[in-house]
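One-letter residues, chain by chain:
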Amino acid sequence: TAHPMHGLIAKRGAEGVQCAAYVKDGVGFGMAAKIADGDNYRSRIALTVEIMRQLDLLTTEEVGRLAEVATLAVHNNRGREVGTTRAAFTLQPA
């Protein structure tokens, strides 16, 4: 997925691999991550938004707008909400 107007390019891979590149103020950032429990589209969104938030690549307004898609309800086969998908990690310096 490419959003050149926003400086973001993201690519999902097999078995829960997510990669993204982002340019802000002429500085490039890149990320690659593996979601341990496999290919879960809900986790990919939360992961990417949270990494960008922790790296201060998003404004407070952007974080607010993305919160709705970064935290998604999980439903069982009867359609009942049984939980949410959200990011729960802290980036560590390399």
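Our subject in this report is the structure included herewith. (Residues numbered from 1 in each chain as written. Predicted model: local features only at pLDDT ≥ 70, side-chain atom pairs only at ≥ 80, totals over all residues. Heavy atoms only, no water.)

On the surface, a nonpolar cluster with roughly 290 Å² of combined accessible area is contributed by Val27, Phe29, Leu55 and Leu91. Inspection of the secondary structure puts leucine 91 in the segment after strand 6 (81-85). On the accessibility criterion, leucine 91 (34% relative accessible area) is partly exposed. (Patch = residues over 30% accessible without salt bridge, like charges linked within 9 Å, V, L, I, M, F, W, Y side chains within 5 Å. Areas by Shrake-Rupley, 256 points an atom, 1.4 Å probe, with all protein chains shown as cover. Salt bridge = Lys/Arg side-chain N within 4 Å of Asp/Glu carboxyl O. Helix = DSSP H or I, 4+ residues; strand = E, 2+ residues; numbered from the N terminus. Buried < 20%, exposed > 50% of the residue type's maximum accessible area, 1.4 Å probe, protein only.)

On to the packing of helix 1 (residues 41-54) against helix 2 (residues 60-70). Interhelical geometry of helix 1 versus helix 2 gives an angle of 155° and a closest axis separation of 9 Å. Looking at the two axes, helix 1 sits roughly antiparallel to helix 2. The two elements helix 1 and helix 2 cross, and the hand of that crossing is left-handed. Facing Ile45, Ala46, Val49 and Arg53 of helix 1, the residues of helix 2 in contact are Val63, Leu66, Val69 and Ala70. Taken together, the residues of the contact of helix 1 with helix 2 sort by class into seven nonpolar, no polar and one charged. (Axes fitted to C-alpha atoms, helices over the stretch in contact; angles between N-to-C directions. Parallel < 35°, antiparallel > 145°, perpendicular 65-115°, else oblique. Left-handed = near helix turned anticlockwise from the far one by under 90°. Contact = heavy atoms within 4.5 Å. Nonpolar A, V, L, I, M, F, W, Y, C, P; charged D, E, K, R; others polar.)

Distances and angles like these do not, on their own, reveal function.
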